[in-house]
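# Survey of secondary and tertiary structure
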Amino acid sequence: IHPKIGFLYNIYNSDFSQFENSVDCGLFKSGSGTGWLEGIAVEYEISEGLYLSTYFALADRSGSFSINNYFPSRNLETGNVDTVHTKNELETSIYFLEIQPDLRFVIDDDFINGPLRIFGGFRFGFPITNNFSQIESIVSPTNAVFIGKDNIRTQERTISSGKIANMNSIEAGLS
């Protein structure tokens, strides 16, 4: 039995502009994020140097997607039409309960005070948290603002947030 802890760097390759509860502000093509992995692995030796293992973990697979938008807007101070640069950022908070059955083979028993192994298997994840927040912010010009309810002026606004409604109930992968 082995307790495990790890650091995750999540990379996302996507092709979507909207999902239920979000706002369409362009095409999200990629994203990334970091998180922690905490778990426990149970191993059983099936022959000399070959182990059957099952790993149970809580994995933070959160991330962020962002796209830049540019549009013309009248500058009320000068009367000119300026190009406004905004950033639409989609932040996710996604945690999975993961199960990974695999086979582990010992290459060297005494590699730096422990065994050196190679392993391969499948990974199945079940989402337990799947929230998002979509925020739009003005990058330039510095005097541009969003005008909201009650004439409140701000350079950043939350345009949508909530649960990711259409998320798969299971993820699958290779390790």
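Please read all numbers here as calculations on a predicted model, not as lab measurements.

Rules and cut-offs
- Residues numbered from 1 in each chain as written.
- Predicted model: local features only at pLDDT ≥ 70, side-chain atom pairs only at ≥ 80, totals over all residues.
- Heavy atoms only, no water.
- Helix = DSSP H or I, 4+ residues; strand = E, 2+ residues; numbered from the N terminus.
- Contact = heavy atoms within 4.5 Å.
- Buried < 20%, exposed > 50% of the residue type's maximum accessible area, 1.4 Å probe, protein only.

### Examining the environment of Asn69
When you line up the elements, Asn69 lands in strand S4 (residues 63–74). Between the C-alpha atom of Asn69 and that of Ile5, which follows or precedes it by 64 residues, the distance is 39 Å. Ignoring any residue separated from it by four or fewer positions in sequence, one finds Asn69 in contact with Cys25, Val84, His85, Thr86 and Asn88.

### Notes on unusual backbone geometry
Residue Ser140 is joined to Pro141 through a cis peptide bond whose omega torsion reads -5°. Checked against the element boundaries, Pro141 lands in the loop between strand S6 (116–140) and strand S7 (146–147). Located in the positive-phi region is Ile112, a residue other than glycine, with phi close to 45°. Residue classification places Ile112 among the exposed positions, given a relative accessible area of 70%. At Asn113, a position not held by glycine, the phi torsion is positive, near 65°. Of note, Asn113 is situated in the loop between strand S5 (81–108) and S6.

Everything listed here is a matter of coordinates, which is why it stays silent on function.
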